[in-house]
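# Close look at the chain arrangement
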Amino acid sequence: MVSGLLELGIHKREETNPFFDIGTNGELVIGNNQWLVAGAGAAGPALEGYISRYSMRAAPGAIDSVKIHGEELSYTTIGNENPIGICGSGIIDLLAQMRLNGWINIAGELNPASSPRIVYLPDENQYGVIYAHAEESATGSPLYFSQTDIDQYLDTKAAAFTMMECLLESAGIAFEDLYHCYLSGAFPAHSDLESAITIGIFPDLLREKYRVLRNSSVDGARKVLLDHSQLAEAKELLENIYCVQFASIPDFLVRMQAAKFIPHTDMNRFPSVQQKLSNPDCGMDKL
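Scope of this entry: the structure provided in the associated data block. Note that this is a predicted model, so its numbers are computed, not measured.

## Some details on empty space enclosed by the protein
This model, assessed by the stated rule, comprises 1 cavity of 30 Å³ or more. Taken as a whole, the largest cavity holds about 30 Å³ of empty space. Contributing to the lining of the largest cavity are L183, P188, S191, D192, L193, A196, F202 and V212. Residue composition of the lining of the largest cavity, by class: 6 nonpolar, 1 polar and 1 charged.

## Side note on the environment of N240
Mapped onto the fold, N240 is located in helix α8 (residues 230-240). For N240 and L178, which are 62 residues apart along the polypeptide, the C-alpha to C-alpha distance reads 21 Å. From its side chain, N240 meets the backbone oxygen of E236 in a polar contact 2.6 Å long.

## A look at α8
Within α8 the residues assigned to the buried category are Q230, E233, A234 and L237. Viewed along the axis of α8, the buried residues span an arc of 105°, placing them on a single side of the element. In this structure, α8 carries A232, K235, L238 and E239 as exposed residues pointing more than 90 degrees from its buried face. Summarising the contacts, the buried residues of α8 are in contact with α1 (2-8), β3 (36-42), α7 (216-226) and β12 (241-243).

## Some details on the sheet that holds strand β7 (residues 118-121)
As summarised here, the arrangement of the 3 strands in space is β7-β8-β9, forming an open sheet in which the pairing is antiparallel. In the strand order of this sheet, the two ends are held by β7 and β9 (143-146), each with one partner. Mean inter-strand twist for the sheet, computed between neighbouring axes without regard to direction, equals 45°. Of the strand pairs in this sheet, strand β8 (residues 126-132) and β9 are connected by 4 bridges, and their pairing is antiparallel. When the bridges of β9 are listed, A132 appears paired with L143. Helix α4 (residues 147-170) contacts β8 and β9 of the sheet and is inclined by roughly 55° relative to β9.

## Quick word on the environment of A174
As for its position among the elements, A174 is in the loop between α4 and β10 (181-184). Spatially, the C-alpha atom of A174 lies 17 Å from that of E208, the residues being 34 residues apart in sequence.

## Let's talk about the side chain of N17
Along the chain, the position of N17 falls in strand β1 (residues 17-22). Of the polar contacts made by the side chain of N17, one reaches the backbone oxygen of E15; its length is 3.4 Å. Engagement of the side chain of N17 in a polar contact is seen with the backbone nitrogen of H180, the distance being 2.9 Å. Once residues within four sequence positions are removed from consideration, N17 is found in contact with I10, V29, I30, G31, Y179, H180 and Y182.

## Considerations on the environment of P263
With respect to the secondary-structure elements, P263 resides in the loop between α9 (252-259) and α10 (271-278). Once the C-alpha coordinates of P263 and A107 are considered, the two residues, 156 residues apart in sequence, prove to be 8.9 Å apart.

## What about unusual backbone geometry?
Here the bond from I262 into P263 is cis, since omega is 0°, no more than 30 degrees from zero. We note that N80 has phi near 55°; this positive angle belongs to a residue other than glycine. Mapping N80 onto the fold places it in the loop between β5 (72-77) and β6 (85-86). With relative accessibility at 74%, the residue N80 sits in the exposed group. Positive phi outside glycine occurs at N125, with the angle close to 55°. With respect to the secondary-structure elements, N125 resides in the loop between β7 and β8. Looking at N125, the relative accessible area reads 58%, which means it is exposed.

Here is what the cut-offs are and how they apply
- Residues numbered from 1 in each chain as written.
- Predicted model: local features only at pLDDT ≥ 70, side-chain atom pairs only at ≥ 80, totals over all residues.
- Heavy atoms only, no water.
- 1 Å grid on protein atoms, 1.4 Å probe; cavity = no way out; pocket = protein on both sides within 12 Å on 5 of 7 lines; lining within 4 Å.
- Points joined across faces, edges and corners; volume = space filled by probe spheres on them.
- Nonpolar A, V, L, I, M, F, W, Y, C, P; charged D, E, K, R; others polar.
- Helix = DSSP H or I, 4+ residues; strand = E, 2+ residues; numbered from the N terminus.
- Polar contact = N/O pair within 3.5 Å; in protein donor to acceptor, adjacent residues only side chain to side chain.
- Buried < 20%, exposed > 50% of the residue type's maximum accessible area, 1.4 Å probe, protein only.
- Arc of directions from axis to C-beta.
- Contact = heavy atoms within 4.5 Å.
- Pairing = 2+ DSSP bridges.
- Axes fitted to C-alpha atoms, helices over the stretch in contact; angles between N-to-C directions.

What follows is the structure, given as structure tokens:
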């Protein structure tokens, strides 16, 4: 995070900006040239795709985008190969598209009546959505995302949203007061921002406020290698960042429960998603 801060320089600006780096863990800093508040928590394995039987990293054969129109589902794969699994960006699209088309409800529960792709899985005693039929997949087996997979994913996305919500509140800042929102890491770099907002990972801000970086830690490290005076600035940052322990926030878990819904129990926090749900054609063309 210090490396990313050196690259971004939000600690030198008057306006308040958050910097959220999501990888194996989620690290978050919010602040300006007067103060910096930081926190961290587990987030990445699910967001990066490692959650279900057929999850995989972003490699050839991974489904990386999904679109749904009514009862029909289509996808793209990395390398245009037959699918062998689904990566993080594909999962986010899948959940967002299922929500907008009524395949899942606000609680993430699958609706078998909405599409023949939602089937009962006898071996697992639960429903799942088949995103690639056996004849389509490279393995010769159907690829699916189960109800358990959805529930586990919602736990992770709720943690990411709640971390940002609690850190902002601890600093006395509202979402709408943010100047920009910087996102870094493989997950935001390769995922569709609109889908991530639709399922409630990130707040429903004006889209122009978002700035996505691929690898801020490497960029910051390069900066230090080229200018060793940056080491003194890094040390100063370490001494002046106030860290919040999310485990010490009394209602953190309660807030997480509210954020486990798609996008949230309080739909007023996500007006653009409300609009897409009331006018599905608007959302389906955009995602």
